[in-house]
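Residues per chain, in single letters:
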Amino acid sequence: MKVLIGELAARTGVSPRSLRYYEKQGLLIPERSVNGYREYPESAVDTVGVVRRLIAAGLCTGTIARVLPCVRAEGAQVVPCAGLVSELAVERARITAQLAELSHSRALLDEVIAAAQ
DNA sequence: CTTCTAACA
DNA sequence: TGTTAGAA
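Attention in this report is confined to the structure presented alongside it. These numbers come from a predicted model, not from an experiment.

So, how was this worked out
Residues numbered from 1 in each chain as written. Chains lettered and ligands numbered in written order. Predicted model: local features only at pLDDT ≥ 70, side-chain atom pairs only at ≥ 80, totals over all residues. Heavy atoms only, no water. Helix = DSSP H or I, 4+ residues; strand = E, 2+ residues; numbered from the N terminus. Buried < 20%, exposed > 50% of the residue type's maximum accessible area, 1.4 Å probe, protein only. Contact = heavy atoms within 4.5 Å. Near = heavy atom within 4 Å. Polar contact = N/O pair within 3.5 Å; in protein donor to acceptor, adjacent residues only side chain to side chain. 1 Å grid on protein atoms, 1.4 Å probe; cavity = no way out; pocket = protein on both sides within 12 Å on 5 of 7 lines; lining within 4 Å. Points joined across faces, edges and corners; volume = space filled by probe spheres on them. Nonpolar A, V, L, I, M, F, W, Y, C, P; charged D, E, K, R; others polar.

Section: the environment of Thr 47
So, step 1. Tracing the backbone through its elements, the reader meets Thr 47 in helix H3 (residues 44-56).
So, step 2. What makes Thr 47 partly exposed here is its relative accessible area of 23%.
So, step 3. Considered as a pair, Thr 47 and Val 85 are 38 residues apart in the sequence and their alpha carbons are 19 Å apart.
So, step 4. Look past the residues within four positions of Thr 47 in its chain and what remains in contact with it is Leu 27, Leu 28 and Leu 68.

Here's what the structure looks like:
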């Protein structure tokens, strides 16, 4: 069965607006019915779940688009193919670097706060 | 009523 | 991202 954007939104908890945005980013590729309506396969429900997960994991849409065809949804878990692990490790390293920057910012802000009269 | 695109207090 | 206008 094909599902329209409204139903997919209801079944995933993701707004139609975001669903269209994901498409523009190349994350979702629905077919079009004669009236121009987007028609998603049932599998899109899982795909959207994976996308949400990866976004929450801090990946940009571009990276998600490249990684998407190499991952499978297993319940709430996102399972990547073996060859993808190294690339994901790079993302992890990037996040680690961000954490360092954030703690630095926090430390500087702490100094400013501590200087309060 | 539902979806589409484009654009914005 | 939300929301909205006008059209289909």
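Observations concerning the protein's contact with DNA strand C
So, step 1. Near DNA strand C, the surroundings consist of Ser 15, Arg 17, Ser 18, Tyr 22, Tyr 37 and Arg 52.
So, step 2. A distance of 2.8 Å separates a phosphate oxygen of DNA strand C from a polar atom in the side chain of Ser 15.
So, step 3. Between Arg 52 and DNA strand C, the recorded distance is 3.3 Å, taken from a side-chain N or O atom to a phosphate oxygen.
So, step 4. A per-element tally of the surface near DNA strand C places helix H2 (residues 16-24) first, with three residues.

Examining the side chain of Thr 61
So, step 1. Relative to the helices and strands, Thr 61 resides in helix H4 (residues 61-67).
So, step 2. Side chain to side chain, Thr 61 and Gln 25 meet in a polar contact 3.2 Å long.
So, step 3. With near-sequence residues (within four places) excluded, Thr 61 lies in contact with Tyr 21, Gln 25 and Leu 27.

Brief notes about the protein's contact with DNA strand B
So, step 1. Around DNA strand B sit Leu 4, Ile 5, Gly 6, Arg 17, Arg 20, Arg 32, Gly 36, Tyr 37 and Arg 38, and those are all the residues in its vicinity.
So, step 2. Protein-adjacent atoms of DNA strand B, using a 4 Å cutoff, are sugar or phosphate at a proportion of 85%.
So, step 3. Separating a phosphate oxygen of DNA strand B from a backbone N or O atom of Gly 6 is a distance of 2.8 Å.
So, step 4. In this structure, Arg 32 approaches DNA strand B through a side-chain N or O atom, which is 3.1 Å from a phosphate oxygen.

Points about the layout of surface pockets
So, step 1. Here the largest pocket defines a volume of roughly 190 Å³.
So, step 2. Around the largest pocket sit Arg 53, Leu 54, Ala 57, Leu 59, Val 67, Val 71, Val 78, Pro 80, Leu 88 and Glu 91, which together line it.
So, step 3. Here the residues of the lining of the largest pocket sort into eight nonpolar, no polar and two charged.

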